[in-house]
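Geometric and topological summary
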Amino acid sequence: MKKHITVLFLVFTMVFISCDQDFNTIGSDLVGDEHFDFSSREVQLKAYSVKTNEVQTNNLPINPLGIYNNPYFGVTKANFVSQLSLVTAQPKFGTNVQVENVTLYVPYFSTVETNNTDGSKVYALQSIYGANKESKMKLSVYENGYYLNSFNPNDNFQTQQRYFSDGSTNGTLINFENLKRGNDGNGNSVQNGTRLNDSPNAAENDQFFFNKSEIIVYKTKFNTTTGILEYVDANDVVLANQNDVSLRVVKERLAPGIYLTLNKTFFKNRILEAGSANLFNNNEFKQYFKGLYFKIEQLPGEEGAMAMLNFSNAKVNVNYSSIDEGAAAGTVATSKTLVLNLGTNSGSNSVSLQDYSYSGAYNSGLNASATNPTFGSDSKLFLKGGKGSVVYLDVFGSADILKPVNGQLVAGANQIPDELDQLRLKGWLINEAYLELYIDKTAMAGANQLEAERLYLFDATNQKALVDYTFDATTNSNTKYNKLIFGGIIERDNTADKKGIKYKIRITQHINNLINSTDANLNKNVRLGLTVTENINYSNSYYYKNPLSLNNPIMGTNDVVEYFPVASIMEQQGVVLHGTNPSTEDASKKLKLVIHYTKPN
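A short tour of the structure in this document, coming up. (Residues numbered from 1 in each chain as written. Predicted model: local features only at pLDDT ≥ 70, side-chain atom pairs only at ≥ 80, totals over all residues. Heavy atoms only, no water.)

1. Thoughts on the nonpolar core
Counting residues in hydrophobic clusters, the biggest one holds 76 residues, and the most contacted among them are Y392, L457, L530 and L577. At five residues, the largest contribution of residues to this core is made by strand 26 (residues 389-395). Apart from residues lying up to four places away in sequence, L457 is in contact with L393, L435, L466, F486, I505, I507, L528, G529 and L530. One finds L139, V141, A305 and V316 within the second-largest nonpolar core, a separate group that totals 44 residues. (Core = buried A, V, L, I, M, F, W, Y, C linked by side-chain atoms within 4.5 Å. Buried < 20%, exposed > 50% of the residue type's maximum accessible area, 1.4 Å probe, protein only. Helix = DSSP H or I, 4+ residues; strand = E, 2+ residues; numbered from the N terminus. Contact = heavy atoms within 4.5 Å.)

Next comes the structure, spelled out in structure tokens:
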């Protein structure tokens, strides 16, 4: 017992020292491989990969946008639809209203690398995928033509509405593309009209890319006679040379993001002249103006790239000038802004539309992995986010011909694996238990093949987090690497391309509960699920479009699995792992669950 206490002290000491270290350190083991000469045992595992097919994608915290060609898994094209919400209901626009400009801003995930003396910053972008992260694409923004319900009309609005990656809901496929609306040329909204981001700057539409440069907004003044914005100096005097950038005054610096100017006549007609009934509150507004539809298209000779975006940080600014109602004669028009928010934080509904083509190798690998293999049969396991695949694991074997009676195992089934029955009789003190998952380097060796940064293990029987996840409160300066003890963070080698080696996930308390707890709520041998994760801080679940049916040999039934972690749906990366029965040359890298224990004295 003294030895066990010493080990726990060392583990937690090292955890608190390591909580805020760099990524490469985080990926390494906390305890090491010696485990202080404690005894260890590998237990039986069944692990198999399952296609998710279409998945629920409405109101995701993080959404993909773009085209991602993953060398092993295939190509994903992600479009996006979101409602807009009024920051201020029943807005009053005044008289002599003229729209100055309309801007859309969606910030990327980024970090500051350099602060320059002139106030500018150099940024590095995060969560951008693709061989060329600045590959050009065609981006078009339209008015959405389909109303996104919050609740399901088919059950009298008693449950939340679900939309899936193919755009379907309640068994009906919604064709957002055909229903989109745009400009008729005179600023009026018509079905299949021209896009709203019609700037002459091709970087905002036909040659769009994920630009890492900061966004500079210059000081301007609206000319009410010409109807255009003019650059001014620090004293609001219009610059004689409107084309000389060096003369302009910086009004605002924004972190990198999608920054588009939208058709101002369209927004004047559609929003500012919508009428008070349509702007009375957000319920009325969303029925009237159903949101925005972001459409990405691949360009010839370009592979494309994909960004993970939090649209809850996005906004549309309708900048206009007007004279306040009731103002005295001769009052000059002043500039104002109507702000429209996007994303779930504003109470708006959204849908990620994901068109995914499985590669031949990935599709063949999934088809070869039977849904219910025998223990130890799968040589490879396939994990991919979005419309991809998950791995399910059954622990302790499928044999159930023994049961404990008076401290001895006797013939008879009890719906508990025999291996677990045996371990419960031993009275071991569990020091550490972990899954060790090695990456199949052959499958992931392709050029620009980036492995998933982190995996997430969960209770797939009850669709909830494991106890080791829940009670791990460790944090990091980068929140994606929180829950350090629980783990699942990729460990990379020291080569130039930093290829992945393995993942390690600790489930010590979970295994201790299975073996030693007498509480039926804690010691149930649940099925485990394994996914990639975009963010370890999300543990809630979303639905499969078509529930899975997984065989449960111990119970002699088929389990219906309706949902799985939302963090996997947000992620677009993947990884191929060695399974429980790898090839002979990779035998040492098989998937294993290792228990380190101390025998009772």
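2. Description of helix 9 (residues 508-516)
Considered for burial, the residues of helix 9 that qualify are T508, H510, I511, N513, L514 and I515. Against helix 7 (418-426), strand 29 (429-438), helix 8 (467-470), strand 33 (500-506), strand 34 (528-532) and strand 38 (592-598) lie the buried residues of helix 9.

3. Structural notes on the sheet that holds strand 38
Read from one edge to the other, the open sheet built from five strands follows the order 1-38-29-33-32, with strand pairing classed as antiparallel. Each having just a single partner strand, strand 1 (39-43) and strand 32 (491-492) make up the two edges of the open sheet. On the sheet, helix 9 packs against strand 29, strand 33 and strand 38 and is oriented at approximately 125° with respect to strand 29. (Pairing = 2+ DSSP bridges. Axes fitted to C-alpha atoms, helices over the stretch in contact; angles between N-to-C directions.)

4. Comments concerning the pattern of salt bridges
Summed over all chains, the structure comprises 25 salt bridges. Across the pair K219 and D236 runs a salt bridge whose closest N-O atoms are separated by 3.1 Å. Here K219, found in the loop between strand 15 (215-218) and strand 16 (220-223), pairs with D236, found in the loop between strand 17 (228-231) and strand 18 (250-254); they are 17 residues apart in sequence, far enough to count as distant. Taking the relative accessible area as the measure of exposure, K219 reaches 24% and is therefore partly exposed. (Salt bridge = Lys/Arg side-chain N within 4 Å of Asp/Glu carboxyl O.)

5. Quick word on the side chain of R527
Along the polypeptide, R527 turns up in the loop between helix 9 and strand 34. A distance of 2.8 Å separates a polar atom in the side chain of R527 from the backbone oxygen of N551. Among residues more than four places away in sequence, those in contact with R527 are Y48, Y392, L393, D394, F458, D459, A460, T461, L550, N551, N552 and D559. (Polar contact = N/O pair within 3.5 Å; in protein donor to acceptor, adjacent residues only side chain to side chain.)

6. Details of the pairing of strand 26
Most of strand 26 is tucked away: seven of the seven residues are buried. Two elements, strand 2 (residues 45-51) and strand 26, share seven bridges in a ladder whose sense is antiparallel. Directly across from V50, in strand 26, lies its bridge partner V390. Where strand 26 and strand 34 come together, three bridges link them in antiparallel fashion. Along strand 34, the bridge assignment pairs Y392 with G529.

7. A few points about helix 6 (residues 360-368)
By the burial criterion, the buried members of helix 6 are Y362, G365 and L366. Looking down the long axis of helix 6, one finds its buried residues gathered within 95° of arc, a one-sided arrangement. Facing away from the buried side of helix 6, by more than 90 degrees, are the exposed residues G360, N367 and A368. Contact partners of the buried residues in helix 6: strand 2, strand 24 (350-358), strand 25 (380-384) and strand 26. (Arc of directions from axis to C-beta.)

8. Structural notes on the packing of aromatic side chains
Per the stated rule, a full pass over the model turns up 27 aromatic pairs. Aromatic pair Y356 and Y358: ring centres 4.7 Å apart, planes at 70°, arrangement edge-to-face. Judged by its relative accessible area of 6%, Y356 is buried. Where Y358 meets Y362, the ring centres are 5.3 Å apart and the plane angle is 35°; that geometry is what we call tilted. Under the relative-accessibility criterion, Y358 is labelled partly exposed at 21%. Taken together through their ring pairs, the aromatic side chains of Y72, F73, Y356, Y358, Y362 and F382 make up a single cluster. (Phe/Tyr/Trp six-rings, centres within 6.5 Å; stacked < 30°, edge-to-face > 60°.)

9. Some points on unusual backbone geometry
The backbone of Q90 sits at a positive phi, close to 50°, despite the residue not being glycine. Tracing the backbone through its elements, the reader meets Q90 in the loop between strand 5 (84-86) and strand 6 (95-107). Given the relative accessible area of 41%, Q90 is considered partly exposed. The phi dihedral of S127 is positive, around 60°, even though this residue is not glycine. Its place among the elements puts S127 in the loop between strand 8 (121-125) and strand 9 (128-129). Residue classification places S127 among the buried positions, given a relative accessible area of 13%.

10. A word on the sheet that holds strand 23 (residues 334-342)
The antiparallel open sheet is built from five strands, whose spatial order is 5-23-22-6-19. The open sheet has two edge strands, strand 5 and strand 19 (257-262), and neither has a second partner. Neighbour to neighbour, the strand axes of the sheet diverge by 30° on average, direction disregarded. Two strands pair when backbone bridges link them, and strand 22 (residues 315-323) and strand 23 are joined in this way by eight bridges, in the antiparallel orientation. From the neighbouring strand, V316 faces strand 23, where its bridge partner is L340. Helix 4 (residues 264-272) contacts strand 6, strand 19, strand 22 and strand 23 of the sheet and is inclined by roughly 110° relative to strand 6.

11. Topic: the environment of Y72
Relative to the elements of secondary structure, Y72 occurs in the loop between strand 3 (63-70) and strand 4 (74-82). Accessibility expressed as a relative area gives 13% for Y72, which makes it buried. Placed 285 residues apart in sequence, Y72 and S357 show a C-alpha to C-alpha distance of 11 Å. For Y72, the contacting residues outside a window of four places in its chain are S359, A361, Y362, F382, A443, Q449 and V576.

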